[in-house]
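# Working through the structure, step by step
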Amino acid sequence: MKKELFAVLLCATLAQAGFIKKGMEAKEAGDHRKMVEIYDNACKEGKASGCYNLAVLYSEGTGGVKKEPQKALELYEKACSANFALACNNLGYIYESGNGADQNFTKAVNYYEKSCKDNEGCTSLGLLYANGAGVERDTKKAAQLYNKACEYGDMMGCNNLGYLNMQGIGMAQDYEKAKKFYELACNGGIGIGCDNLGFLHAFGQGTKQDYAQAAKSYEKACGLGYYAGCNNLAILYAEGKGVNADDKKAQELFKKACDGGVKMGCDNAQALKDNIK
């Protein structure tokens, strides 16, 4: 459910200026040593984005440097202390996941709080509030954070806000609002948002029941790599709802879901195979 946290930030507004441009040129030329040197010098000069980009390299072990989680952690902390929001966000992720440091939800909350002030990490912070991890559970606070994220353009925040509306968690249940937020998420390329939208169409919640529209949403979810959507689309093909019944297509989709780690897809593939013997 998380966006990629470790992609090097090369904002368009910065790409033409100073060391960022030089770092890009070194990367494009395949001169990783020069790229690391540029970011390292920038960091030593107090440029937070230099520390951040260098931290990305050490966290991934790319750019010709050895993977060093502790070194990455120190560089992210240096950038975060200079109020570089993406660095704070990445620190939140590190402590939330335990990937690069010992898991510590309290620290994760603190770093996400700092990054969310600049509209980064609000969805992740909302999840911690929703689950009561590192902070007292507060679903209304989670909803506020998801809403902030959604308004800023974080489509996973829109999806999560849709889920709270659908389930009536921290607010009155409202399927129509859930549909609106799922549509935003789906249109923004969030596979789970498309799958959730498909569910509303399939069961007529917040909209009239429409299996053909459900099939379109599940198909998009599947295409975006959300494999539960492949399973749900396969069910429609197996039952001939919203699409022409097609056992071969259903079996292909169940297999895709299964290969993608959806156990129900594996079970359904076997059940369909048994039924058509």
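Residues numbered from 1 in each chain as written. Predicted model: local features only at pLDDT ≥ 70, side-chain atom pairs only at ≥ 80, totals over all residues. Heavy atoms only, no water.

This paragraph deals with the confidence of the model for the protein. Summarising the model, the protein shows a mean pLDDT of 92, and 94% of its residues fall at 70 or more. Segment residues 1–16 is flagged for pLDDT under 50; beyond a separation of four residues in sequence, or across chains, it makes 37 contacts in the model. (pLDDT = per-residue confidence, 0-100. Contact = heavy atoms within 4.5 Å.)

Counting residues in hydrophobic clusters, the biggest one holds 60 residues, and the most contacted among them are Tyr52 and Tyr76. Here this core gets eight residues from one element, more than from any other, and that element is helix α4 (residues 48–60). Residues Leu233, Ala250, Phe254 and Leu272 belong to the second largest nonpolar core, which totals 17 residues. (Core = buried A, V, L, I, M, F, W, Y, C linked by side-chain atoms within 4.5 Å. Buried < 20%, exposed > 50% of the residue type's maximum accessible area, 1.4 Å probe, protein only. Helix = DSSP H or I, 4+ residues; strand = E, 2+ residues; numbered from the N terminus.)

Along the chain, Ile20 turns up in helix α2 (residues 18–28). Placed 22 residues apart in sequence, Ile20 and Ala42 show a C-alpha to C-alpha distance of 9.2 Å.

Looking now at the side chain of Asn165. Positionally, Asn165 belongs in helix α10 (residues 155–167). Residue classification places Asn165 among the buried positions, given a relative accessible area of 4%. Ignoring anything within four residues of it in the chain, the contact list for Asn165 reads Met171, Ala172, Gln173, Asp174, Lys177, Ala178 and Phe181.

Relative to each other, helix α15 (residues 247–259) and helix α16 (residues 263–275) sit at 150°, their axes nearing to 7 Å. If you check the angle between α15 and α16, you find them roughly antiparallel. Note on packing geometry: the crossing formed by α15 with α16 is left-handed. Mapping the contact onto sequence places Asp247, Ala250, Gln251, Phe254, Ala257 and Cys258 in α15 and Gly265, Cys266, Asn268, Ala269, Leu272 and Lys273 in α16. (Axes fitted to C-alpha atoms, helices over the stretch in contact; angles between N-to-C directions. Parallel < 35°, antiparallel > 145°, perpendicular 65-115°, else oblique. Left-handed = near helix turned anticlockwise from the far one by under 90°.)

To continue, consider the packing of aromatic side chains. The tally for this structure, following the rule as stated, stands at five aromatic pairs. Note on Tyr95 and Tyr111: the rings are 5.8 Å apart at their centroids and 10° apart in plane angle, and the pair reads as stacked. Of the two residues, Tyr95 sits in helix α6 (residues 85–97) while Tyr111 sits in helix α7 (residues 105–116), which places them 16 residues apart along the sequence. You'll find Tyr95 and Tyr111 in the same group, each marked buried. Within the aromatic cluster, the residues linked to one another by ring pairs are Tyr52, Tyr76 and Phe84. (Phe/Tyr/Trp six-rings, centres within 6.5 Å; stacked < 30°, edge-to-face > 60°.)

The subject of this paragraph is helix α5 (residues 69–81). Over its 13 residues, α5 extends 18 Å from the first C-alpha to the last, a length consistent with the 18 Å expected when each residue adds 1.5 Å. Inspection of α5 places Ala72, Leu73, Leu75, Tyr76, Ala79 and Cys80 among the buried residues, and these make up the whole buried set. Close packing links the buried residues of α5 with α3 (32–44), α4, α6 and α7. Asn83, located one to two residues past α5, shows a positive phi value of around 65°. (Expected span 1.5 Å × (residues − 1).)

We now examine unusual backbone geometry. In this structure, Asn83 takes a positive phi of about 65° despite not being glycine. A relative accessible area of 54% places Asn83 in the exposed class. Residues other than glycine seldom take positive phi values, yet Asn119 does so here, at roughly 70°. The residue Asn119 is located in the loop between α7 and α8 (122–131) in this model. Relative accessible area serves as the criterion here: at 27%, Asn119 is assigned to the partly exposed category.

To continue, consider the environment of Tyr227. Residue placement: Tyr227 occurs in helix α14 (residues 227–239). A residue is classified by how much of its surface remains accessible, and Tyr227, at 30% relative accessible area, is partly exposed. It is 9.9 Å that separates the C-alpha atoms of Tyr227 and Lys255, two residues lying 28 residues apart in sequence.

What follows deals with helix α12 (residues 191–203). Each turn of an α-helix holds 3.6 residues, which means side chains three or four residues apart point in the same direction. Given a rise of 1.5 Å per residue, 13 residues ought to cover 18 Å, and the 19 Å separating the end C-alpha atoms of α12 matches this to within 8%. Within α12, 11 of the 13 residues are buried, leaving the element largely enclosed by the surrounding structure. Of the residues making up α12, those classed as buried are Gly191, Ile192, Gly193, Cys194, Asp195, Asn196, Leu197, Gly198, Leu200, His201 and Ala202. Turning to α12, the residues buried within the fold contact α10, α11 (175–187), α13 (211–223) and α14. With its phi angle positive at about 65°, Gly204 sits one or two positions after the end of α12.

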